[in-house]
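One-letter residues, chain by chain:
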2 protein chains.
Amino acid sequence: MLTYACNMAFLNDHFLKLKAGYLFPEIARRVKAFCEANPQGARRLIRCGIGDVTEPLPPAAIAAMHRAVDEMAARESFHGYGPEQGYEWLRAAVAENDFRARGCEVADDEIFISDGTKCDTGNFLDVLGPRNRIAVSDPVYPVYVDTNVMAGHTGEPNEAGAYSKLAYLPCRPGNGFVPEPPKRHVDVIYICSPNNPTGAAANRAQLEAWVKYALEHKALILFDAAYEAYVTEPGLPHSIYEIPGARDCAIEFRSFSKNGGFTGVRCAFTVVPKSLQARTRAGEFKPLHPLWLRRMTTKFNGVSYIVQRGAEALYSAQGRRQVRALVEFYLGNAAVLRDGAAAAGLKIFGGINAPYIWVRPPRPLTSWQAFDKILNEANVVITPGSGFGAGGEGYFRISAFNSRANAREVARRLQELKW
Amino acid sequence: MLTYACNMAFLNDHFLKLKAGYLFPEIARRVKAFCEANPQGARRLIRCGIGDVTEPLPPAAIAAMHRAVDEMAARESFHGYGPEQGYEWLRAAVAENDFRARGCEVADDEIFISDGTKCDTGNFLDVLGPRNRIAVSDPVYPVYVDTNVMAGHTGEPNEAGAYSKLAYLPCRPGNGFVPEPPKRHVDVIYICSPNNPTGAAANRAQLEAWVKYALEHKALILFDAAYEAYVTEPGLPHSIYEIPGARDCAIEFRSFSKNGGFTGVRCAFTVVPKSLQARTRAGEFKPLHPLWLRRMTTKFNGVSYIVQRGAEALYSAQGRRQVRALVEFYLGNAAVLRDGAAAAGLKIFGGINAPYIWVRPPRPLTSWQAFDKILNEANVVITPGSGFGAGGEGYFRISAFNSRANAREVARRLQELKW
């Protein structure tokens, strides 16, 4: 036994670089402490923190899932293993409705159905090599950063939580919270538009600048459009593939979570154009599509048949109307919250093409100071912007996923606050 | 632009080592060619190839999923994001019924609910470092090998398809198709019991030998018990945790695919004991449980609420009876197929504690020769054993997932074959 005392299965050391999942546990801790100390405040507490939908599923999806469950109850209509990359009828509905109907060239077999955009953005790193220089925005959806840490693409974090080797691109009011392409070279860029947490949506010129950069640098854009349904201003792109050249430099992530309300049902998809290439260590160019197909068929077994039928129903005439109504309902909340926050003298961004409002208090406060003040005085839970990176410091995020009555009440309470 | 001509996002070169997914496409190609040339044979074709269930879901799961879909239709009972690692009620039902009721010490929070064992066996490599020496059986479920290739844990394959740096442990009639611990050191060992493809189930002495080896070598056992429900012989372990010491050296994968028939519904789970440790590069011992928890909360968003309610129902009194009946039905098919194959003079293994029968023709033939003969002369599709590795050459696998009528007909046709 002593012979082997120095041996033991190795763990992935990169995991040890990860900062503790600080944000939501810390919010929970402070909310709990507040509620214990203030039973009256606890009763009137309204949560606008986490970005989770609150309204029931569209009836078209409900009906389709009931039918699918019934199919599973009879031998003749039972479905076992499906194609790992998704059923053809769903891939076709997605490619046709979300892309070709908008003039974007996307083939059915470039659609990969999955159980979530969070999963896909992390899993896609499987097909990318370890030598890429990765760029993210600041503030940023933390999953992009943490999955790169796990994959060993970063060094250690500094005291502010920023990891070395990762390029952080600042988002400020001056650039509309959409980062400009950097001066130096990067290989992989995450762009989330409409953005979580800032609620900003990239315009055509901004996406064109990114596609130009990516083509010049032979870089790869990972375009996260999970909030695409909230794009309401005319002229704004709904897909990166509206930009010429994007098929040679971008993949796109989409989700049914925030349009069809599928956060608890779990369905999403990723578009990987067959024209997209990356290089081997030896410098040879190879398409990424076969690698992602191989990854999905080997490490995934497809999304539940019942769930895929539910997602398909969102593309029916009824389903589309119901999804539209759901999105408009949340955007209506966002408008109520924007108006309330503006009337309260807060500086507001987002909330027009996204279900998130990005807010700065009228006088400089840290994000956590603002959090505590709003919790204690308005009994409302928001998300501190600093939880999304150093670039979020001084801001906070209000989620529009709530009932209309709650949105109105939050708007009212914000106006009672004295800053 | 020229400045960057030598740059481009890097792909993961390890993917290029992968042999083409040869087995099932090649089966499909030969079956298609046969059917085109033999319309009459095509009409009487029976497929016993792929390991997919054929019978409808247990009524308890159907009823539970209908209820869950209805809950999603009303605001008061709607479920958005759930815990990434699974709902507490399902984790508790699993830990209690599958482990504590059998005398195995497993806590609720050591259960991680996922969408498939295939996914989990691959994803678990995320938390293991790149320096481990990996052992697999031969023949082997190809996913274990391919995911290690993708993760860079192997070298190139030789002509027979065996990858360098991977330790292949031979399964033969002499060891009951359960490999013995190797003489040399390995860090990570995959054990699949009951086995796909051989249908062999490890006995207590064999698992004790493996746990002893793992404890001595501080190695990690990845115990795949996806077919646990088929263990019928008394005295055989149902879980690695029936073996003292296993909590310090083993994780266990389980699935609802082959007991509740969830191959198209998608639900499984992995047990990660909190006592299990692995080492850092610096030689420090750390528990793996927090790393897997972090992996799951960061790269996964939980299994569909509807599906988890379906899985929970399999543990109800009715659900358990229905699952038992389903498993006994398939085991009944296996007995029919075993009897038929034995009467036909074939050498048979497995099929008693597993839904797979592992067969050798009465005279030496390659697996593909046997495949062609059975396809052409009996119009039955089986799986060539060589598709599972060099150790499977000369064997073929018959799946018992079928109707009883088909199982009887296959048994009859096997006896008509002249070898």
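Only a predicted model underlies this, so the values are computations on that prediction, with no experimental measurement involved.

### Some points on the relation of the copies chain B and chain A
And step 1. Taken as rigid bodies, chain B and chain A are interconverted by a rotation of 180 degrees and an axial shift of 0.0 Å, the fit giving an RMSD of 0.0 Å. Read as a symmetry element, the transformation amounts to a two-fold axis. Among all C-alpha atoms of chain B, that of His66 of chain B lies closest to the rotation axis, at 3.1 Å.
And step 2. Looking at the interface residues of chain B, 100% of them are also at the interface in chain A, so both copies use one shared face.

### Some points on the domain arrangement of chain A
Residue and element names in this part refer to chain A.
And step 1. For chain A, the domain assignment lists domain 1 (20-49 + 319-416) and domain 2 (60-315).
And step 2. Counting residues at the interface gives 28 residues for domain 1 and 29 residues for domain 2.
And step 3. Both faces considered, domain 1 and domain 2 share a buried interface measuring about 2300 Å² in area, 60% of it formed by carbon and sulfur atoms.
And step 4. Between domain 1 and domain 2 we count 0 salt bridges in total.
And step 5. For the side of domain 1 that touches domain 2, the elements supplying multiple residues, two or more each, are helix H10 (317-343), strand S11 (347-350) and strand S12 (356-360).
And step 6. Examining the composition of the side of domain 1 that touches domain 2, we find that 9 residues originate from one element, H10, more than from any other.

### Things to note about the sheet that holds strand S14 (residues 383-384) of chain A
All names here are of chain A.
And step 1. The 4 strands are arranged S11-S12-S15-S14 in an open sheet whose pairing can be described as antiparallel. A single partner strand is all that each edge strand has here, and the edge strands are S11 and S14.
And step 2. Taken together, the 4 bridges between S12 and strand S15 (residues 396-399) define a ladder with antiparallel strand orientation. For Ile357, the partnering residue across the bridge sits in S15 and is Ile398.
And step 3. In this fold H10 packs onto S11, S12 and S15, with an angle of close to 160 degrees to the strand it touches most, S11.

### Some points on the packing of aromatic side chains
Residue and element names in this part refer to chain A.
And step 1. On inspection of all chains with the given rule, the structure shows 50 aromatic pairs over all chains.
And step 2. Judged by centre distance (5.8 Å) and plane angle (85 degrees), the ring pair of Phe177 and Tyr395 falls under edge-to-face. Residue Phe177 is found in the loop between strand S4 (167-170) and strand S5 (188-192), and its partner Tyr395 is found in the loop between S14 and S15; the two are separated by 218 residues along the sequence. Judged on exposure class, the residue Phe177 and its partner Tyr395 are both buried.
And step 3. A connected cluster of aromatic rings, assembled from ring pairs, spans Phe99, Tyr241, Phe256, Phe262, Phe269 and Tyr315.
And step 4. Here Arg91 stacks its cationic end above the ring of Phe112, 5.5 Å away from the centre of that ring.

### Regarding the pattern of salt bridges
And step 1. The final tally for this structure, using the stated rule, is 56 salt bridges over all chains.
And step 2. Two residues, Lys286 of chain A and Glu284 of chain A, come together in a salt bridge whose shortest N-O distance is 3.7 Å.
And step 3. Owing to a relative accessible area of 45%, Glu284 of chain A belongs among the partly exposed residues under this scheme.
And step 4. Measuring nitrogen to oxygen at the nearest pair gives 2.9 Å for the salt bridge that ties Arg29 of chain B to Glu26 of chain B. Of this pair, Arg29 of chain B and Glu26 of chain B both sit in helix H1 (residues 23-37), 3 residues apart, which is roughly one turn of the helix.

What counts and what doesn't
Residues numbered from 1 in each chain as written. Chains lettered and ligands numbered in written order. Predicted model: local features only at pLDDT ≥ 70, side-chain atom pairs only at ≥ 80, totals over all residues. Heavy atoms only, no water. Least-squares fit on C-alpha atoms with pLDDT ≥ 70 in both. Contact = heavy atoms within 4.5 Å. Domains from an automatic or database assignment. Buried area = accessible area lost by both parts, 1.4 Å probe. Salt bridge = Lys/Arg side-chain N within 4 Å of Asp/Glu carboxyl O. Helix = DSSP H or I, 4+ residues; strand = E, 2+ residues; numbered from the N terminus. Pairing = 2+ DSSP bridges. Axes fitted to C-alpha atoms, helices over the stretch in contact; angles between N-to-C directions. Phe/Tyr/Trp six-rings, centres within 6.5 Å; stacked < 30°, edge-to-face > 60°. Buried < 20%, exposed > 50% of the residue type's maximum accessible area, 1.4 Å probe, protein only. Lys NZ or Arg CZ within 6 Å of the ring centre and 35° of its normal.

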